[in-house]
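Chain and residue survey
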Amino acid sequence: VQLQASGGGLVQTGGSLRLSCAASGRTFSGYTVAWFRQATGKEREFVAALRWTNSNPFYADSVKGRFTISRDNAKSTLYLQMNSLQPEDTAVYYCTMTRNIILSNLRVPSAYDFWGRGTLVTVSS
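Residues numbered from 1 in each chain as written. Predicted model: local features only at pLDDT ≥ 70, side-chain atom pairs only at ≥ 80, totals over all residues. Heavy atoms only, no water.

Things to note about the overall build of the protein chain
The number of helices and strands found in the protein chain is 0 helices and 11 strands. When the helices and strands of the protein chain are placed in sequence order, the string is β-β-β-β-β-β-β-β-β-β-β. Expected size for 125 residues packed as a compact globule is a radius of gyration near 14 Å; at 13 Å, the protein chain falls within 12% of this value. The buried share of the protein chain, reckoned over its 125 residues, is 43%. Working note: accessible area of the protein chain is about 6,400 Å², and carbon and sulfur atoms make up 46% of it. Counting 13 positive and 7 negative side-chain charges, the protein chain places the centres of these two groups 7 Å from one another. (Helix = DSSP H or I, 4+ residues; strand = E, 2+ residues; numbered from the N terminus. Rg over C-alpha atoms; globule rule 2.2 N^0.38 Å. Buried < 20%, exposed > 50% of the residue type's maximum accessible area, 1.4 Å probe, protein only. Areas by Shrake-Rupley, 256 points an atom, 1.4 Å probe, with all protein chains shown as cover. Lys, Arg positive; Asp, Glu negative; His and termini not counted. Charge placed at Lys NZ, Arg CZ, Asp CG, Glu CD.)

Things to note about the sheet that holds strand 7 (residues 67–72)
The antiparallel open sheet is built from 4 strands, whose spatial order is 1-3-8-7. With one partner strand each, in any of the chains shown, strand 1 (2–6) and strand 7 form the two edges of the open sheet. Across the sheet, the axes of successive neighbouring strands diverge by a mean angle of 15 degrees, strand direction being ignored. Of the strand pairs in this sheet, strand 7 and strand 8 (residues 77–82) are connected by 6 bridges, and their pairing is antiparallel. Each residue of the ladder has a partner; that of Thr68, found in strand 8, is Gln81. (Pairing = 2+ DSSP bridges. Axes fitted to C-alpha atoms, helices over the stretch in contact; angles between N-to-C directions.)

What about the environment of Ala23?
Position of Ala23 relative to the elements: it lies in strand 3 (residues 17–24). Once residues lying within four places of it in the same chain are set aside, the contact partners of Ala23 are Gln2, Leu3, Phe28, Ser76 and Met97. (Contact = heavy atoms within 4.5 Å.)

Re the packing of aromatic side chains
Taken as a whole and assessed by the stated rule, the structure comprises 6 aromatic pairs. By the ring-pair criterion, three or more aromatic residues cluster together here, those being Phe36, Phe46, Tyr94, Tyr112 and Trp115. Of note, Arg18 hangs over the ring of Tyr79, and the distance from its end group to the ring centre comes to 4.0 Å. Arg44 extends its terminal NZ or CZ atom over the ring of Trp115, reaching a point 4.7 Å from the ring centre. (Phe/Tyr/Trp six-rings, centres within 6.5 Å; stacked < 30°, edge-to-face > 60°. Lys NZ or Arg CZ within 6 Å of the ring centre and 35° of its normal.)

A closer look at the pattern of salt bridges
For the structure shown, the criterion picks out 4 salt bridges. The residue Arg37 makes a salt bridge to Asp89 at a minimum N-O spacing of 2.9 Å. Separated by 52 residues along the polypeptide, Arg37 in strand 4 (residues 32–38) and Asp89 in the loop between strand 8 and strand 9 (91–98) bring together distant segments of the chain. Here Asp89 makes a salt bridge to Arg66, at a shortest N to O gap of 2.7 Å. Of this pair, Asp89 sits in the loop between strand 8 and strand 9 while Arg66 sits in the loop between strand 6 (57–59) and strand 7, and the two are 23 residues apart along the sequence. Comparing Asp89 with Arg66 shows no difference in burial state: the two are buried. When salt bridges with common partners are traced through the structure, they connect Arg37, Glu45, Arg66 and Asp89 into a single cluster. (Salt bridge = Lys/Arg side-chain N within 4 Å of Asp/Glu carboxyl O.)

In structure tokens, the structure reads:
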């Protein structure tokens, strides 16, 4: 499986971006999909996830109310709509997916099997 994230860029504080992640080699069917991010000098952190078995999304507290995760299973594409961006949102954003994951591991990077290369989001103050 190859995941290709896109849509990153430079945006001013308060602006919006929409990230996309296209999967090739395998469909999203049956997979939990998620976004993580990693700022320079920091560990990779959970942003949002969507389980296959439940349409309710999960968000990090830091992005709740500002970011929206969605998926188009027919296109095997994952999205992250980011609004009201802040400088602390600056990071490389990664999309990821896994078939078997328990609820308590949704925020754990090592629980995911496939990762994209990431797309850089820079929010200027």
